[in-house]
Amino acid sequence: GRESLPLILVLRNRLRFALTRGEAMMITKQRLVEVDGRVRTDPKTPVGFMDMVSLPKTGLNFRVMFDVKGRFVLNKTDASTEKLCKVKKVYTAPNGVPSMSTHDGRTLRFVDPLISVSDSVVVDLTKGSVKDFVKFKE
């Protein structure tokens, strides 16, 4: 639905790094694009809210956000190692391991017991761990 855009559209229509679909395909197939710190070669990789799109060769990092009208916008950023995630579910995994699921499908284990549903967490993309969290105020 409206939750994500294919990587090929981000490269061609939003960032204008390619003029045609073929060019955008070449950019991805040459392993030049990273999403959340991982190389993505599939042009149909979904790029959603708060994802980091990086092009290491150019040194550019973009965060996917919404504009005032709810459209996807790519903002230039400096920090490409962390990401904000919303907590969707907190549970205890087997062997009593405190775990949580986030809005983008991540499962993080050994989390702070103070974290609850709807809180925002800063995830370190290199380690895949929670750096910090902000409680949700109603």
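Summarised in this report is the structure supplied together with it. (Residues numbered from 1 in each chain as written. Predicted model: local features only at pLDDT ≥ 70, side-chain atom pairs only at ≥ 80, totals over all residues. Heavy atoms only, no water.)

**What about the sheet that holds strand β11 (residues 120-124)?**
So, step 1. One open sheet accounts for five strands, arranged β10-β9-β8-β11-β12; its pairing is antiparallel. Bordering the open sheet on either side are β10 (107-109) and β12 (129-134), each of which pairs with just one other strand. Averaged over all neighbouring strand pairs, the angle between strand axes comes to 45 degrees, with direction disregarded. (Pairing = 2+ DSSP bridges. Helix = DSSP H or I, 4+ residues; strand = E, 2+ residues; numbered from the N terminus. Axes fitted to C-alpha atoms, helices over the stretch in contact; angles between N-to-C directions.)

**Topic: the side chain of Ser101**
So, step 1. As for its position among the elements, Ser101 is in strand β9 (residues 97-102).
So, step 2. A residue is classified by how much of its surface remains accessible, and Ser101, at 17% relative accessible area, is buried.
So, step 3. Sequence-distant contacts of Ser101, defined by excluding residues within four places in its chain, comprise Lys86, Val87, Lys88, Lys89, Tyr91, Arg106 and Thr107. (Buried < 20%, exposed > 50% of the residue type's maximum accessible area, 1.4 Å probe, protein only. Contact = heavy atoms within 4.5 Å.)

**Some words on the pairing of β12**
So, step 1. Pairing geometry for β11 and β12, over five bridges, is antiparallel. Counterpart to Val123 in the pairing with β12 is Val130.
So, step 2. Following β11, the chain reverses through four residues before pairing antiparallel with β12; Gly128 in that reversal takes a positive phi of roughly 75 degrees.

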